[in-house]
Amino acid sequence: MTLQVTVPAGPPARGTLSLRKSVDKLSDAELANLRQAFAGAMALDDDRGFSYFAGWHGEPFNWCEHHTSLFLPWHRQYLYYFELALQAIVPGVTLPWWDWTVSDSIPAAYGVDSRAPDNPLLVSQVRIYRSGQSEPAPPRTPGQNPGVPPLPYQDDWNQAMAATSFAEFQTAIEQVHDNVHVWVGGIMQDIQSAAYDPLFFAHHAMIDRSWRLWQTQNPGATPAATLLDNGLRPNGMTVRQTLDVTQLGYEYAGTAAEAPGPTAPNGTAAATPADASTQTSAPGPGDRPHTPSEGSF
Amino acid sequence: MQRWTSQPLPVPRHPQAPYARADLELHDVEHDGPSYHALVYFNQADADENTGRAAPGYAGSFSVFAHGRCWGDRGHCDPPAEPLHPFDRRHLHPLTPINITVEVTRALRAVAGDTIAVTVLAFPALGSDRPAPLRFSRLTLVTYD
């Protein structure tokens, strides 16, 4: 399979981490790159394409894990492989997150945009991989499904983040996750079709970010030991290999920080975690990948 | 909207050990149909779509992010009753029933009596062709010291 990537065992990988950002903090250029990557993936009808990856989660492959002990690990590796597929089209592009703890609506980037009349982030069809089945997608119906509480879900998220074991956290955050799917409506409200909506990946980046944040608050709290060597469908990445996002090559802006090392000129002030989500950088002459010895993490 | 009310359950409390948390667990929840949202009430058998979350007895809510329509051929969405044989190592069928947990600590503490009847209102998502989506085998009320 051309997209299979194995996370190497042994010494930690060394390289520049990709930063996933809040969708509300993407620059115009970053949003354009994201749309270009999705459009490119949607134009591919093989195992590099959007329909193929949407089919991992729902129809036709149904490999996703819900209300099982593998919910968080499975979706982490799912986003990892899909993000690689996007990066093969637009190098450096990353999946943004939609923070529904503060937002009460679908991000503008995923809606009707007069500047992008063919916005690929606005779902238009469900095209089942290699089946010949293709149907127009019903529109999202945000907040219209009866009974579902309105966004934002700050209180529920806070309650999940207060969990003291992985199992308790996973159960609680999945329930918040379910509410968001049903709140969005359209094809997002059903497992079989949800990943055909590009908004799915912004929602799940938020879920994955939540796990990452919870991990920083609860170091060493992992899934049950008996699960750690379970292979996740379809590529066999193990649960253990999903535990450290930095070993998967990414981090969430806002949880990353950088400080100058002893060889930096004039003791440049360190960026704080809060600053990190808005920081910018540009490669200089002879720019090298960051390594721990250079003060990054 | 679908309404279901349980038989009265004894409140699991110990006089010398006040609980720190209470969970309502729904077992073997089927999710082969459309998604839905559900509201849970204690001792409010008459609750309906107008009762809301501020009413006495409101205990919590949950969504079931369900399968949706079946795109496969006949039998595609029928979980097998059991493995084909002892060497059947396939993953569980995606529609194997699940368990749902609703944290109900505050609502249970507000119950004055020794029993509760649990009422669940299920609201199918738009486009649903199943007016009564709520199906599960049993529920359990658990308190934690």
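Scoring rules and cut-offs
- Residues numbered from 1 in each chain as written.
- Chains lettered and ligands numbered in written order.
- Predicted model: local features only at pLDDT ≥ 70, side-chain atom pairs only at ≥ 80, totals over all residues.
- Heavy atoms only, no water.
- Helix = DSSP H or I, 4+ residues; strand = E, 2+ residues; numbered from the N terminus.
- Buried < 20%, exposed > 50% of the residue type's maximum accessible area, 1.4 Å probe, protein only.
- Contact = heavy atoms within 4.5 Å.
- Areas by Shrake-Rupley, 256 points an atom, 1.4 Å probe, with all protein chains shown as cover.
- Axes fitted to C-alpha atoms, helices over the stretch in contact; angles between N-to-C directions.
- Nonpolar A, V, L, I, M, F, W, Y, C, P; charged D, E, K, R; others polar.
- Pairing = 2+ DSSP bridges.
- Buried area = accessible area lost by both parts, 1.4 Å probe.
- Salt bridge = Lys/Arg side-chain N within 4 Å of Asp/Glu carboxyl O.
- Polar contact = N/O pair within 3.5 Å; in protein donor to acceptor, adjacent residues only side chain to side chain.

Here we look at the overall build of chain B
Along chain B, the regular secondary structure elements total one helix and nine strands. Listed by position from the N terminus, the elements making up chain B come as β-β-β-β-β-β-α-β-β-β. Relative to its 145 residues, chain B shows a buried fraction of 44%. For chain B, restricting intrachain contacts to residue pairs at least 6 apart in sequence, the fraction spanning at least 24 positions comes to 82%. When the accessible surface of chain B is split by element, carbon and sulfur atoms take 51% of a total near 8100 Å².

A short note on the side chain of His57 of chain A
Checked against the element boundaries, His57 of chain A lands in helix 2 (residues 50–57). Ignoring anything within four residues of it in the chain, the contact list for His57 of chain A reads Asn62, Trp63, Cys64, His66, Trp74, His75, Tyr78, Ile191, Ala195 and Phe200 of chain A together with Phe65 of chain B.

Details of the packing of helix 3 (residues 71–89) of chain A against helix 5 (residues 166–184) of chain A
Residue and element names in this part refer to chain A. Between helix 3 and helix 5, the shortest axis-to-axis distance is 9 Å and the interhelical angle comes to 65 degrees. Each of Phe71, Leu72 and Pro73 in helix 3 lies in contact with helix 5, whose residues at this interface are Phe166, Phe169, Gln170, Ile173, Glu174 and His177. Residue composition of the contact of helix 3 with helix 5, by class: six nonpolar, two polar and one charged.

Quick look at unusual backbone geometry
All names here are of chain A. Residue Pro152 is reached from Leu151 by a cis peptide bond, and omega for that bond is 0 degrees. Turning to its location among the elements, Pro152 is positioned in the loop between strand 3 (134–136) and helix 4 (154–161). Positive phi is not limited to glycine here, since Asn62 has a value of about 60 degrees. With respect to the helices, strands and loops of the structure, Asn62 is situated in the loop between helix 2 and helix 3. Classification of Asn62 by relative accessible area gives buried; the value is 8%. Positive phi, normally seen in glycine, also occurs at Arg130, with a value near 55 degrees. For Arg130, the position within the fold is in the loop between strand 2 (125–127) and strand 3.

Observations concerning the sheet that holds strand 9 (residues 138–144) of chain B
Residue and element names in this part refer to chain B. With antiparallel pairing, the three strands of this open sheet are ordered in space as 6-3-9. Single-partner strands in this sheet number two, and they are strand 6 (98–103) and strand 9. This sheet shows a mean twist of 20 degrees between the axes of neighbouring strands, independent of strand direction. Bridging between strand 3 (residues 21–29) and strand 6 involves five bridges; their strand directions are antiparallel. When the sheet's bridge partners are listed, Glu25 is paired in strand 6 with Thr101.

Observations regarding the interface of chain A and chain B
Each partner contributes residues to the interface: chain A has 33 residues there, and chain B has 29 residues. Interface area, chain A with chain B, both sides summed: about 2500 Å², of which 58% is carbon and sulfur. For Arg21 of chain B, the salt bridge goes to Glu168 of chain A, with nearest N and O atoms at 2.8 Å. Where chain A packs against chain B, one counts 13 residue pairs in polar contact (both at pLDDT 80 or more). Elements with a contribution of two residues or more to the side of chain A that touches chain B: helix 5 and helix 6 (191–194) of chain A.

Here's the deal with the pattern of salt bridges
All names here are of chain A. Taken as a whole and judged by the stated rule, the model has 18 salt bridges over all chains. Arg212 is the partner of Glu251 in a salt bridge, and the nearest nitrogen-oxygen pair spans 2.6 Å. Residue Glu251 is located in strand 6 (residues 250–252), and its partner Arg212 is located in helix 7 (residues 199–217); the two are separated by 39 residues in the primary sequence. Take Glu251 and Arg212: they sit in the same class, and that class is buried. A single salt-bridge network, built from bridges that share partners, covers Arg20, Arg76, Glu83 and Asp208.

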